[in-house]
Each structure stands twice: as structure tokens, then as C-alpha cells.
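Coordinate analysis (summary)
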Amino acid sequence: MALISCCFDSGFELPELFDTFVQKCTDPGCCCGCCSALRPRYKRLVDNIFPVNPEDGLVKSNMEKLTFYSLSSPDKLDRIGEYLYQKASKDINRKRYRFVEIAMEAMDILLQACHAQTTLNLFVESFLRMVQKLLEDSNPTLQILATNSFVKFANINEDTPSYHRRYDFFISKFSSMCHGNNDNVELRDNIRLAGIKGLQGVIRKTVSDDLVENIWEKQHMEKIVPSLLFNMQSGDLTPVEDATQVTPPILAEEVLRELVGRASFGHIRSVLKPLLTHLDRHELWVPNTFAIHTFRIVMISIQPQYSYTVVETLMQHLDNNFKSSPKTRTSLAVVLSKIIAIAAGESVGPSALDIINNLLTHLRTSVGTTTEITPEESQYQEALINALGEFANHHPDYQKIEIMLFIMNTVPDLTKKSKGDQMLQNILLKSLLKVGTQYNTVSFEKAFPASFLQPLLKMARAPHDPTRIIVMKIFQALLDRHQNEKVLSTVSVKPYTALSQEPPSRSDIIFTHKYGANIMQALIDSMALSDKVDSLISSYNTAALLLVEMACGETVQEFLLFILGIQQVAATAEDLDDLHKCSLHVIAIALLTLAARVTGINNLLEYAQKIIEARKEDATHFLPPIIEHNKKSAATKFNLNLPHLSIDKIALAECLQNAGMDFNRLQSGMPYTLNQKDNPSHRHSWVESVSNQMTQRNSSTDLTAYNGDNDSVSSSPGVAKKALAPEYTVDAMKRYLTEPSEAVKKEMQEKQKQIVRAFRESNFEELMKRTEPKHDVLQNRLNDLFNSLALDNKTTQNVNNNNNQDKPIYETYFPELFYY
């Protein structure tokens, strides 16, 4: 064994000889030891970390010396990095990849140890050059190694910012690695994972530092976002049981969440535009499973206050695709309906109505651009309506009312009877129905404000059957507080076993007195417009729900007048055919039976049962079910002249009277007629009624003479005021009992005839004598009356001059209300 070794003893080839010589001459036992003294210390320390045999790996002890030297002399960091980069570059060129790995490992150790140094930026430049050098090589192992080193660097928080660092190459390279297609599946997944991790590192490094290159620029996002989506769509969207196993789809989804979560308001569109472009280019809208999954990730990850931007961007994309196929637009609308609920919580006021307006605009565009609705186009419209419903469902009830009112104001006027306008009416009313089904009705007064109820009642009289049916469904959705709609969907005189009922509140009773007549009149008009079974059953269902929710002892007279109104239309309307009239009679008896059961008035139920039994014998066509309009029914002649089988108003009043309930309203009021006008917003003014009474009554009238029921009746729509006797005393009752008999009446008629005959046949002189007044007596009586009136006026004026100055104005105009 030689005591002195030499660099030239080994059998290296000439190119490797010089490198080996330079490396080995640092050995104290080498005969060329004189050369080591000529090299800088940092180079000797760097050379010492490389072993003779690359398989032995990094020399740990020498690496510790190099690290200590770097910490002691931070100004040498840039030179150390540059020297390691040069050695690694030569090793890459000569395919000595193991030495390259050792150099990269040394770089990582120095980076972690010296990251707090102020001169780290100079070392980072050499570090990034080495990472780039490894990434440029075609060896997948070096690419993965470089990516892992870059990720370690990205996780370091630098104290000093960098003004000149750029990551263009890394974004492009990592994005290309995300699309790796190596035949080896395991190697392909590893390369893709490395690319995704690299993009994650770039995002973390650039987003947190405002001084570096803007990662949100278009050219960067168009590489990052599609690369993540490409890996996401290659995986299974179902949850993975083994959560510890990291796969490209899972990691890509995680990075997308992080990217969206870090985006500010001005940058979120930079993420959404390449996302939409990727879905368009790869035709991922149909089917839209992946699109829904992706946008849900975006909506969950984004900052809540920016979620409205996602909905707005998706709507704009829907605008841009108005010429696309109906399937594509339907898928876009479905995606919108799936995510719009998440944004609903953050959009209030104008932003909420803006979304509703955009959805309605798309509906109008859909109807306006097609002459005939195809099944695909109908699905698109349903998807938009569902999106609108989902959006409204996540708003409070008061905003739902505003949304419904907003939609109602966009419905075309009923005077427009073109096919396109009818289609648009139906579509907009369907959207209104979708919102109405999401509304939780507590008080009818809040659910039906006058500004919403009045146009809705006009729609209930629309000449188009589908429009009226949708309006009835809207009423049913808002009226049905106890889920009775399905139970009452069939016209029947039998008990509804599954009926759920609760006594109406005071506010509901007030609402019935205020607006009930208008709603019931609209229902009568709706029933009279069409004899189709669907339309009639829909109107019956609404009337039955109204009755179940509002009927009680205080409102039963309103509903009985409503039932009489239906019957009156069936009996008097000349433009209705026999089958239509029979249907109205069926609805009237069914509602009467239901009213009797709901209010619990046994006398009324017994009377309804008598009519039903009589009709079973003589007129089964007046009993449920409603007869379909077909050739057989059209050829059948129905006997409608059956007054003894009709509902009698006097009998109804007697039933209420026998039950100890008020019946005056029913006895004196007229049934609702087709000529009654709707004006829910107009109510009688108390001030007007009092002022009118004050002009008609003497100021000395006693307060007990005020009849509250009389005024109440006068303010009820469609009801005549009951004429009451001036007084109810014993003498008055005696006079009523001693009315003249038939003989006395005949005698009085004969006297009147004689007087008429006398005036016709007598001459002028006889008539003058017969009609000559007693002038003296009459003149004296008139003089007395005028004198007394003049005296009273003078006295009243003197008193008023003395007292009216200190008297309050309300005692002057309402003296009868202030007695002491």
C-alpha cells in the first residue's frame, strides 16, 4: 500500500481526469497538495461534500462544515450557490445524475439553514437556476427532485422582498408536467403530482408577495387553471375512502380551493374566465356533472362577499351562449341553479333583484327567440325557473314578497293576446309560483299586500286557461298553511278525512273582511270563464283552501254569499252551456258542505245533506264529480230548471239564526255578481263616514243612537245597507201588529180611485173650492215658526261668540263625542 497517493493513479479518461484532479487534490495525502492552497476555501468546502463514490451520498460531516461557514460568512452564499450550480450543470451534461442529486440536496440544506440571512436573495438566484436546469432535463427523476426543492423554497417566508424575480418558466414547466402522458401509469401520476405541487408552490410564493410578478395575469391563469381542471376531470368525483392516498385529482382540487380562496375581488374573474373556457373547449357542459362539482368547489372556497361575482360571471357566460344548443344552455342553467343558493345569503337589496332581473331576462329571451317551445327549450326554461326558486328560497320572507312583486310587475299586460305574450305570461307566472312555494305564510295580510294582490286578481281573470291555472296554484301555495292542497284537489261532498285545520287569527279575520270579497269575486269570474275540468278544479281547490284557512263564525256569512254567487252565475248567465252550469252547481254544493264542516254549524250541514239527498234522486248531474266535456256529455240534455234543488238564501239565514249566530249580513247582502269591481287598495275612510254623519245628525244626538253595525255594513263591499226602523218601542210594535187588513186596504184603494175620478171629471170651480187652503191659519203658523227660529239663531250666535274662542276644535266639529 502506497504511503503517498496521486491523482493520476486512477484510470479516468482525460475529460474526467481534470475534474477528479481538482477534487482529489484537496486531500492532504495527495502529492498535489500544493494545488489545494490555490483554491478558495468555499470551493474546497463544497468539493468536500461530494464522496468519491456517488452511491455513498452526501458527506454529512463536511456538509455541516459548509453550513457553518455559510452562516459565518453570509456574503459567500452567492458564490457557494453559483459554484454548486456549475458543478451540477457539468454533472447533468455528463449524465452523472447521482452527483446532481447530492448538489441539489446541499442546496436545500443551505436554503433551510440560511433563510433568515439578508443576502439570501443572491443565493436564491443560483438555487432557482439549478432548479430550472433540472427541470429542463428530460429525466423525470430530476424533474421531480427539482419540483420538491422548489416546494421547500416556496414554503419559506422571506423577510426581504425580491423585485426582479420571475416565475414564467416555472409556471409553464409545472403546467406541462400536469399534462404528463407517460406510458408508465405510476410514473405519469408522480410527474403530474410534481407539477401540481409546483403550481401550488408558485401560487404560495407569489400571492403572499405583492412585489413579485402578478400571478393573476391572464397568461398565467390560462396555464394554471386548465392544468388543475385537467387533473380533476381525470379522477372519480365520488368521495375516496382512503383519504391518506394523495392522487392528482385530489391534489388538484386542493390547489384550486387554495387558489380561489386567495383571490381578491379584482382577481376572481381571472380564475373564472379560463375555467369557463376550459369547460367550453372540452365540451364539459353536457353532461354537467363535472361542471357542477367544479363550481361548487369555487363557491365553497371563495370569500363569501365575492360569491355574487361567480353568479354574475356565469350569467354573462349564459348570455354569450344564447346561440348555443338548448342542451348546453340547459346545463349552464342547471349549474347556475345548483350554486346560486350559496350566493343568495350574501346578496341583499339591489343585488338580489339584479340576479332576479337577469334570470327573467334570460326567460324573456328564450321565449322571444323561439316561435314554438321545443322540449329542449322547455327544459332550459325550467332550469332557469329552478335557479330563480333556489335563489329566492335562501332569502327571508319579506324579501320573497319583494321578489314576487318584482316578477309580477314584469308580466305582460293581459290585453296582449298574442301567442308569444301568452307564453311569456305563463313562464313568468311559473317563476312567480316557484318563489311562492318557497314562502312560508304566517299572516295573509303580509303574504297578500294590496300592491301584489290586485294584479294577481287581474291575472285570475285571464282568458287563457293555462295562465289562470298557474295563478290558482300561486294562490294555493300562499294560502295552504296546513298542507291541505292535495287533500282538497278533488271536488267532493264527502268528509275530507286528512284535513288539517286551525282557527283563523284575528288578523286573518280582518283580512277576510277587507279583501275576501275581492278574492271570491275573482274566483267566481275564473269559474265562469271556462268549462274545462282542470280549470274548474283548480279554482275549487283555491276556494276550498280559502274557506278552510279563513272560515269561522265571524266570516261564514262572507263564504255563504260567495257560494250563492256561484249558484247565481249558474242560474242567470246566458253565455254558459248546460254542462258548465252543472259544474258550477256541483262546486257550490261541495263548498257549502265543506263550509258547514269547517265551521261546525250542524244546522247548516243538515241543510246541505237534505239538498244532496234530493239531488241524488232528481238531479245527479248537480253532484260531484264534475262531468268531463266530451261528445257523450255534449249530446246529453240536462234539466237545469230545478229551483227546489238550489241552495236557498233564506234557509241559510235560518240555519245561522238557529245556531245562535249573526245572519243579518246574509239576509240583507246580495250574492257576489260578475259586475262587481276589484279595488283592494280602496277602503272607506272613518273620517269621511263620521263627517257625513255629522252633517246629517243634530249635534245634540245621544251617543247611544250610534249603530256600529250599520256603519260596518256600509263599508263592506257588495252589500246593501239594511234599512232599520227609526225606533223600537211598544207603541211601534203595536202599530206593526195592527196593520190594516185586506178589506181596509181595498177600501183605501177605492177612496183613492174616487179622488182620481173627481179630479178628472169635476170642473175648475169645484176643484178650487175643494182645494182652497185656510190662508189665515197657515200664515199665522208660519209666522210663529220664523220668529222662533230667528230668536234661536241670535241666542246661539251670542253663546258661540263667548265660548268658541276657548273651545278645542275637536269639540266644535264632534260635539256629540264629548259629554261630561
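Residues numbered from 1 in each chain as written. Predicted model: local features only at pLDDT ≥ 70, side-chain atom pairs only at ≥ 80, totals over all residues. Heavy atoms only, no water.

With respect to the overall build of the protein chain
- The helix and strand inventory of the protein chain stands at 37 helices and 0 strands.
- The buried share of the protein chain, taken over its 820 residues, is 45%.
- A separation threshold of at least 6 residues defines the contact pool for the protein chain, and within that pool the share at least 24 residues apart is 72%.
- Counting every atom, the protein chain has about 43100 Å² of accessible surface; 52% of that belongs to carbon and sulfur. (Helix = DSSP H or I, 4+ residues; strand = E, 2+ residues; numbered from the N terminus. Buried < 20%, exposed > 50% of the residue type's maximum accessible area, 1.4 Å probe, protein only. Contact = heavy atoms within 4.5 Å. Areas by Shrake-Rupley, 256 points an atom, 1.4 Å probe, with all protein chains shown as cover.)

A short note on the side chain of Thr-313
- With respect to the helices and strands, Thr-313 occurs in helix α14 (residues 307–320).
- Note on Thr-313: relative accessible area 7%, which makes it buried.
- Not counting residues up to four positions away in its chain, the partners in contact with Thr-313 are Arg-269, Leu-272 and Leu-276.

Quick notes on unusual backbone geometry
- Cis peptide bonds are those with omega within 30 degrees of zero, and the linkage from Val-286 to Pro-287 qualifies with -5 degrees.
- Looking at the element boundaries, Pro-287 is found in the loop between α12 (268–281) and α13 (289–301).
- Cis peptide bonds are those with omega within 30 degrees of zero, and the linkage from Pro-624 to Pro-625 qualifies with 5 degrees.
- Positionally, Pro-625 belongs in the loop between α27 (602–618) and α28 (631–635).
- Its identity as a non-glycine residue notwithstanding, Lys-95 has a phi of 65 degrees, on the positive side.
- Examined against the element boundaries, Lys-95 turns out to sit in the loop between α4 (77–93) and α5 (97–113).
- Classification of Lys-95 by relative accessible area gives exposed; the value is 55%.
- If you check the backbone angles, Gln-483 has positive phi at about 55 degrees while not being a glycine.
- Topologically, Gln-483 is positioned in the loop between α22 (465–479) and α23 (506–529).

Section: the packing of aromatic side chains
- On inspection of all chains with the given rule, the structure shows 16 aromatic pairs.
- When the centroid spacing of 5.7 Å and the interplanar angle of 45 degrees are considered together, the rings of Phe-127 and Phe-153 count as tilted. You can see Phe-127 sitting in helix α6 (residues 120–136) and its partner Phe-153 sitting in helix α7 (residues 140–154), a full 26 residues away along the chain. As far as burial versus exposure is concerned, Phe-127 and Phe-153 are alike and both buried.
- Residues Phe-150 and Tyr-167 carry aromatic rings whose centres are separated by 6.2 Å and whose planes lie at 75 degrees to one another, so their mutual orientation is edge-to-face. Of the two residues, Phe-150 is situated in helix α7 and Tyr-167 in the loop between α7 and α8 (168–178); the sequence distance between them amounts to 17 residues. Each member of the pair Phe-150 and Tyr-167 is classed as buried. (Phe/Tyr/Trp six-rings, centres within 6.5 Å; stacked < 30°, edge-to-face > 60°.)

A few points about the environment of Ser-489
- Within the fold, Ser-489 resides in the loop between α22 and α23.
- Distance in space between the C-alpha atoms of Ser-489 and Leu-545 is 9.7 Å, their sequence separation being 56 residues.
- A polar contact of 2.7 Å, which involves the side chain of Ser-489, links it to the backbone oxygen of Lys-486. (Polar contact = N/O pair within 3.5 Å; in protein donor to acceptor, adjacent residues only side chain to side chain.)

Re the packing of helix α2 (residues 41–48) against helix α3 (residues 60–72)
- As a packed pair, α2 and α3 sit with axes 8 Å apart at the nearest point and diverge in direction by 150 degrees. Between α2 and α3, the crossing angle belongs to the class labelled roughly antiparallel. Considering only the axes of α2 and α3, their crossing is left-handed. Contacts from Arg-41, Tyr-42, Leu-45, Val-46 and Asn-48 in α2 reach Asn-62, Lys-65, Leu-66 and Tyr-69 in α3. (Axes fitted to C-alpha atoms, helices over the stretch in contact; angles between N-to-C directions. Parallel < 35°, antiparallel > 145°, perpendicular 65-115°, else oblique. Left-handed = near helix turned anticlockwise from the far one by under 90°.)

As for the packing of helix α10 (residues 218–233) against helix α11 (residues 248–262)
- Their axes nearest at 7 Å, the elements α10 and α11 cross at an angle of 140 degrees. The angle between the axes of α10 and α11 places the two elements in the oblique class. The element α10 and its partner α11 pack so that their crossing is left-handed. Where α10 abuts α11, its residues Met-221, Ile-224, Val-225, Leu-228, Leu-229, Asn-231 and Met-232 lie against Pro-248, Pro-249, Ala-252, Glu-253, Val-255, Leu-256 and Leu-259.
- Considering only residue class, the contact of α10 with α11 consists of 12 nonpolar, 1 polar and 1 charged. (Nonpolar A, V, L, I, M, F, W, Y, C, P; charged D, E, K, R; others polar.)

Overview of a nonpolar patch on the surface
- There is a patch of nonpolar side chains on the surface, built from Leu-782, Leu-785, Phe-786 and Leu-789 and spanning about 380 Å² of accessible area.
- Structurally, Leu-782 is set in helix α36 (residues 775–803). (Patch = residues over 30% accessible without salt bridge, like charges linked within 9 Å, V, L, I, M, F, W, Y side chains within 5 Å. Salt bridge = Lys/Arg side-chain N within 4 Å of Asp/Glu carboxyl O.)

What about α7?
- Helix length check: α7 (15 residues) gives 21 Å between terminal C-alpha atoms against 21 Å at 1.5 Å per residue, within 8%.
- Inspection of α7 places Leu-142, Gln-143, Ala-146, Thr-147, Ser-149, Phe-150, Val-151, Phe-153 and Ala-154 among the buried residues, and these make up the whole buried set.
- Here the buried face of α7 lies against α5, α6, α8 and α9 (185–207). (Expected span 1.5 Å × (residues − 1).)

Points about the pattern of salt bridges
- Evaluated as defined, the whole model comprises 26 salt bridges.
- Between Asp-75 and Lys-76 there is a salt bridge, and its shortest N-O distance comes to 3.4 Å.
- The residue Lys-152 makes a salt bridge to Asp-108 at a minimum N-O spacing of 3.9 Å. In this pair, Lys-152 is assigned in helix α7 and Asp-108 in helix α5, connecting sequence segments 44 residues apart.
- By relative accessible area, which is 42% here, Lys-152 ends up partly exposed.
- Classification of Asp-108 by relative accessible area gives buried; the value is 9%.
- Connected through shared salt-bridge partners, Arg-39, Asp-47 and Lys-87 make up one network.

Looking at α5
- With 17 residues, α5 should cover 24 Å at 1.5 Å per step; its first-to-last C-alpha distance of 24 Å lies within 8% of that length.
- Looking only at α5, the buried set comprises Phe-99, Val-100, Ile-102, Ala-103, Met-104, Ala-106, Met-107, Asp-108, Leu-110 and Leu-111.
- On its buried face, α5 is in contact with α3, α4, α6 and α7.

Here we look at the nonpolar core
- By size, the foremost hydrophobic cluster in this structure holds 210 residues, and its most contacted members are Leu-84, Phe-295, Phe-448 and Leu-592.
- At 12 residues, helix α26 (residues 578–599) tops the list of elements feeding residues into this core.
- Not counting the four nearest positions on each side in its chain, Leu-84 is found in contact with Val-46, Ile-49, Phe-50, Ala-103, Ala-106, Met-107, Leu-110 and Met-130.
- By size, the runner-up hydrophobic cluster in this structure holds 7 residues, among which are Cys-582, Ala-619, Phe-638 and Leu-645. (Core = buried A, V, L, I, M, F, W, Y, C linked by side-chain atoms within 4.5 Å.)

Description of the confidence of the model for the protein chain
- Taken over all residues, the pLDDT of the protein chain has a mean of 80, while the share at 70 or more is 76%.
- In the predicted structure, residues 1–24 sits below a pLDDT of 50 and forms 27 contacts with residues beyond four places in sequence or in another chain. (pLDDT = per-residue confidence, 0-100.)

Quick look at the environment of Ser-73
- Mapped onto the elements, Ser-73 comes out in the loop between α3 and α4.
- For the pair formed by Ser-73 and Tyr-42, sequence separation is 31 residues and the distance between their alpha carbons is 9.8 Å.

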